[in-house]
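Structure at a glance
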Amino acid sequence: MRSLNWEIPYTEYLTSEIPAEYLPLIEEAKKQAMNAYAVYSNFHVGAALLLENGKIIGGNNQENSAYPSGLCAERTAVFYANSQYPDVAVKTIAIAAYTNGEYLKDPITPCGGCRQVLLETETRYGKNMKVILYGTDKIYVLDNVRQLLPFSFDKERL
Ligand code: THU
């Protein structure tokens, strides 16, 4: 028997330390959250993707009275990007969430289903997707999606 550990490397930046190059994508994710259709949860999530061709694609959560029919912001954005630019990798994703009149103080972390979908996109293009998780007090940055989803299921297992 042996005990093992996963390590998840990520960088934490205080708001004052955020590298300037991340700011436009963060601003877009915040803007996208404002367009969410979140009438049931009041939890407004925005995602912004930077594609390898320089395009920025946004998305937000789209809820439904039949709850499971709704979709998270990350998947809305990444499915749109993959459908419209099937040959273009996603370089970076920024995610922000707004509820009760303010953006979350701690960074928003994507749900398991979104991690799985983001990982598929990262694997599909064979390029790391940087992940920027926004909070008003601090942000987290990960170099790739793989680190967000330990013990992931992928096509190698099929
Ligand atoms: N949501 C997202 O859009 N992204 C996440 O990473 C977590 C949750 C949405 C789904 C639902 O509309 C609302 O937030 C509350 O769960």
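Above this text you will find the structure in question.
Residues numbered from 1 in each chain as written. Predicted model: local features only at pLDDT ≥ 70, side-chain atom pairs only at ≥ 80, totals over all residues. Heavy atoms only, no water.

**Notes on the nonpolar core**
A general feature of soluble globular proteins is that nonpolar side chains tend to end up buried together. Basically, it comes down to this: Definition of nonpolar core: a set of buried residues of the types Ala, Val, Leu, Ile, Met, Phe, Trp, Tyr and Cys, connected through side-chain atoms within 4.5 Å. When a residue's accessible area, from a 1.4 Å probe over protein chains only, is under 20% of the maximum for its type it is buried; when over 50% it is exposed; and in between it is partly exposed. Strands are runs of DSSP state E lasting at least two residues, helices are runs of H or I lasting at least four, and both sets are numbered from the N terminus onward. When checking whether two residues touch, look at their non-hydrogen atoms; a contact exists if any pair is within 4.5 Å.
Core analysis: the largest hydrophobic core is formed by 26 residues, its most contacted members being Leu49, Leu51, Ile93 and Val131. Looking at this core, the elements that each hand over two or more residues are strand E2 (44-51), helix H2 (73-84), strand E4 (90-99), helix H3 (112-125), strand E6 (130-134) and strand E7 (138-142). Setting aside residues up to four positions removed in sequence, Val131 forms contacts with Ile93, Tyr140, Val141, Leu142, Asn144, Val145 and Leu148. Formed by 15 residues, the second largest nonpolar core is a distinct cluster that contains Ile26, Ala29, Ala48 and Ala96.

**Some thoughts on the pattern of salt bridges**
For the record, the criterion: Definition used for salt bridges: Asp or Glu carboxyl oxygen within 4 Å of a side-chain nitrogen of Lys or Arg.
The full count for this structure, using the stated rule, is seven salt bridges. For Glu52, the salt bridge identified is with Lys127, shortest N-O distance 3.1 Å. Of the two residues, Glu52 is situated in the loop between E2 and strand E3 (56-60) and Lys127 in the loop between H3 and E6; the sequence distance between them amounts to 75 residues. Judged by relative accessible area, which is 41%, Glu52 ranks as partly exposed. Residue Lys130 is joined to Asp143 by a salt bridge in which the shortest nitrogen-to-oxygen separation is 3.9 Å. Of this pair, Lys130 sits in strand E6 while Asp143 sits in the segment after E7, and the two are 13 residues apart along the sequence. You can call Asp143 partly exposed: its relative accessible area is 46%.

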